[in-house]
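Coordinate analysis (summary)
The residues making up each chain are set out below.
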Amino acid sequence: MSKPVVLIAEELSPATVDALGPDFEIRKVDGTDRPALLSALADAAAVLIRSATKVDAEAIAAAPNLRVVARAGVGLDNVDVKAATTAGVMVVNAPTSNIISAAELTIGHILSLARHIPAGHASLSAGEWKRSAYTGTELYEKTVGIIGLGRIGALITARLQAFGVEVIAYDPFITSARAQQLGVQTVSLDELLERSDFVTIHMPRTPETVGMIGAEQLAKMKNTAYIVNVARGGLIDEQALHDALVSGEIAGAALDVFVQEPPKESPLIGLPNLIATPHLGGSTDDAQEKAGVSVAKSVRLALAGELVPDAVNVAGGVIDPYVRPGIPLVEKLGQLFSGLAHGALTSLDVEVRGELVDYDVSVLKLAALKGVFTNVVSETVSYVNAPLLAEQRGVQVRLITEADSPEYRNVITLRGALADGTQVSVAGTLTGPKQAEKLVGVNGYELEVPIATTHIIMEYTDRPGIVAVYGREFGEAGINIAGMQIARREAGGSALSVLTVDSPVPADVLDRVREAIDATLFVEIDITE
């Protein structure tokens, strides 16, 4: 009996091949040679790539036996995850392979800014000896502000504390207990910017975080302060940063990531008070070997039919076909939940009711955590690190099963408590022969709304004419409402409206609508497939 073919499309370490083991036929191809790649994919059960090989819909269509695409790294920009999912192909990556490398690069940038190391080297290489021109500053007793206290932020914290600095952090999803455990004081974003001598940002790139550090935020910083971004391009408004650096509003910056890469026409490049590196966050031999070995292990698991913790689109393994359709539903419920949560989560119950309880539904708890943290942390979230992310944040998680489900054959509810004592809940189900994903509950309100890409959820006092108010505002802004449902507990009390819109809504429009209806809850939630 022939062995499954594993195709290696880019240079990977010998340790990667060793981790695959003897159970596969290993073939190699140059993934940048498109005709050769498409030809080689015809027999492949799995393909291992880095960043140069493009696995798009055409490549997936050329691979009828393909079961796994394995990216030996974090980013998946070169993989069409949606096309892979449609074809039933698992996509895996190595989400934790580069976190130490990224943390160490951040420390390197901070030290380089403090001591002008790149400029001093360039000056000496040019034959100059200008010691007084590069007088720096010590880190000792300075304040470092970390925006985003996830795994990388925690690693940076541990390393910085050896320098005798004060570490403060802004992360709306971290509990005070976890911050205390790390020896960090949590503060508001404004306070962090005002107090810090060095600011480093480690947030995911989402519609809410793009441009989160703009002209207004940079103006709050000391003129002696520095800012670092090795996380995602676009978290800092590049034009605003340019203006702040040129005017001397801040002392300097270090960037490893850019909105456009390579940043060929960026006015930032060449500024004397900017240190720039070409996206080197995970570019160490150690990180690349970890990534290769990690995805090789995932390929072995996937082709053996076992649970693959680092799968980004489907959960592999022995999962009953009756349970499997609930996985993407629960991931989306998790994203809806985190969109509604306005602060740090302290506990989360994943409640499964109905016929599903006759099966092993433990994967649904993993799916819920994956969804909750997808747009909250900077690192890629998977089934293996989602429970760790919850543990790091001090979140207590329970899976509750109950056979009784009076209204639906099955219903899954995520119910959580926030640090300020408030409760958040969302419930969903699958309906009809096509197993349509429906949102059937929000914070105790009952409704039935097909889950789509963009939802606006608002709570307000029920009164005549309110629908006309927000309908007019959205209409005048050119926002099409594709669906809407209103739920209430009693006439004249609070009402909850869930809108489905065809496109994300500009922030100024959301602010106008929120003010116009005097909403007590008002969020736009974008669902990531």
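The structure we're discussing is the one just above.
Below is a summary of the structure that appears in this document. (Residues numbered from 1 in each chain as written. Predicted model: local features only at pLDDT ≥ 70, side-chain atom pairs only at ≥ 80, totals over all residues. Heavy atoms only, no water.)

Pairing is mixed in the open sheet, where 6 strands are placed in the order β14-β13-β15-β16-β17-β18. Each end of this open sheet is capped by a strand with a single partner; those strands are β14 (396-402) and β18 (445-450). Along the sheet, successive strands turn relative to each other by an average axial angle of 20°, direction set aside. Both strand β17 (residues 436-442) and β18 contribute to a ladder of 4 bridges, which runs antiparallel. Looking at β18, one finds that Gly-441 is bridged to Glu-446. (Pairing = 2+ DSSP bridges. Helix = DSSP H or I, 4+ residues; strand = E, 2+ residues; numbered from the N terminus. Axes fitted to C-alpha atoms, helices over the stretch in contact; angles between N-to-C directions.)

Here we come to the packing of helix α5 (residues 99-115) against helix α7 (residues 151-160). At a minimum axis separation of 9 Å, α5 and α7 run at an interaxial angle of 50°. Between α5 and α7, the angle falls in the class oblique. In the packing of α5 onto α7, the handedness of the crossing is right-handed. From α5, Ile-99, Ile-100, Ala-102, Ala-103, Glu-104, Thr-106, Ile-107 and Ile-110 reach across to α7, where they touch Arg-151, Ile-152, Leu-155, Ile-156, Arg-159 and Leu-160. Of the residues that constitute the contact of α5 with α7, the class distribution is 10 nonpolar, 1 polar and 3 charged. (Parallel < 35°, antiparallel > 145°, perpendicular 65-115°, else oblique. Left-handed = near helix turned anticlockwise from the far one by under 90°. Contact = heavy atoms within 4.5 Å. Nonpolar A, V, L, I, M, F, W, Y, C, P; charged D, E, K, R; others polar.)

Buried within helix α17 (residues 507-517) are the following residues: Val-509, Leu-510, Val-513 and Ile-517. Taken down its axis, α17 places every buried residue within 100° of arc, on the same side. Exposed residues on α17 whose side chains face more than 90 degrees from its buried face are Ala-507 and Glu-515. Looking at the packing, one finds that the buried side of α17 touches β19 (454-461), α16 (466-476) and β22 (521-526). (Buried < 20%, exposed > 50% of the residue type's maximum accessible area, 1.4 Å probe, protein only. Arc of directions from axis to C-beta.)

So, about the pattern of salt bridges. Inspection of the entire model under this criterion finds 20 salt bridges. Of the charged contacts in the structure, one is a salt bridge between Lys-370 and Glu-331, with a shortest N-O distance of 3.3 Å. Taken together, the residues span a long stretch of sequence, with Lys-370 in helix α14 (residues 362-374) and Glu-331 in helix α13 (residues 326-340) at a distance of 39 residues. Owing to a relative accessible area of 5%, Lys-370 belongs among the buried residues under this scheme. Overall, the relative accessible area of 12% leaves Glu-331 in the buried class. Asp-462 is the partner of Arg-488 in a salt bridge, and the nearest nitrogen-oxygen pair spans 2.5 Å. Of the two residues, Arg-488 sits in strand β20 (residues 481-488) while Asp-462 sits in the loop between β19 and α16, which places them 26 residues apart along the sequence. With relative accessibility at 17%, the residue Asp-462 sits in the buried group. (Salt bridge = Lys/Arg side-chain N within 4 Å of Asp/Glu carboxyl O.)

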